[in-house]
Amino acid sequence: MEAIWAGAPSARFVPKGAEALCMSVNYGWRVESYGIDLSMRTVSDDLGWVSANVDAFDAFARSPKVVHPKDVAVD
């Protein structure tokens, strides 16, 4: 199992129609040992909600682990 957290997220403001705006918080990882790229993003037009929950997104982004399929036991 390999922890994948490194670095900081990026945030983007994306137009939604003529008068609305969305905020996107993005995370990306390169897992060299498996040769894969992973991404996670949160997008909402509720800018206050996204801004207020960045710490929760960071905590969640630190939690995934990459596991090789051969290491997974299936009942």
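It should be noted that the structure appears before, not after, this text.
Below is a summary of the structure that appears in this document. Since the structure is predicted, the reported quantities are computational estimates derived from the model, not experimental observations.

Parameters and conventions
- Residues numbered from 1 in each chain as written.
- Predicted model: local features only at pLDDT ≥ 70, side-chain atom pairs only at ≥ 80, totals over all residues.
- Heavy atoms only, no water.
- Helix = DSSP H or I, 4+ residues; strand = E, 2+ residues; numbered from the N terminus.
- Areas by Shrake-Rupley, 256 points an atom, 1.4 Å probe, with all protein chains shown as cover.
- Core = buried A, V, L, I, M, F, W, Y, C linked by side-chain atoms within 4.5 Å.
- Buried < 20%, exposed > 50% of the residue type's maximum accessible area, 1.4 Å probe, protein only.
- Contact = heavy atoms within 4.5 Å.
- Salt bridge = Lys/Arg side-chain N within 4 Å of Asp/Glu carboxyl O.
- Phe/Tyr/Trp six-rings, centres within 6.5 Å; stacked < 30°, edge-to-face > 60°.

**Here we look at the overall build of the protein**
Along the protein, the regular secondary structure elements total two helices and five strands. Roughly 5400 Å² of accessible area belongs to the protein as shown, and the carbon and sulfur atoms make up 55% of that amount.

**A look at the nonpolar core**
Ranked by size, the top nonpolar core spans eight residues in total: Met23, Val25, Tyr27, Trp29, Met40, Val50, Phe57 and Ala61. Taken together, the elements giving at least two residues each to this core come down to strand S3 (20-31) and helix H2 (54-61). The greatest single-element share of this core, amounting to four residues, is contributed by S3. In this view, methionine 23 contacts Ala11, Arg12, Phe13, Thr42, Val43, Ser44, Leu47, Val50 and Ser51; residues no more than four positions away in its chain are not counted.

**Here's the deal with the pattern of salt bridges**
Within this structure, the stated rule accounts for two salt bridges. Taking the shortest distance from any N to any O, the salt bridge between glutamate 32 and arginine 30 comes out at 3.3 Å. Exposure remark for glutamate 32: the relative accessible area of 59% places this residue in the exposed category. The exposure class assigned to arginine 30 is partly exposed, which follows from its relative accessible area of 44%. Notably, a salt bridge pairs arginine 30 with aspartate 37, separated by 3.1 Å at the nearest N-O pair. Given the relative accessible area of 55%, aspartate 37 is considered exposed.

**Observations regarding the packing of aromatic side chains**
Enumeration over the complete set of coordinates arrives at two aromatic pairs. Residues tyrosine 27 and tryptophan 29 carry aromatic rings whose centres are separated by 6.2 Å and whose planes lie at 10 degrees to one another, so their mutual orientation is stacked.

**Some points on the side chain of threonine 42**
Mapping threonine 42 onto the fold places it in strand S4 (residues 36-44). Judged by relative accessible area, threonine 42 falls into the buried class, the value being 16%.

The analysis is restricted to geometry; functional conclusions fall outside its scope.
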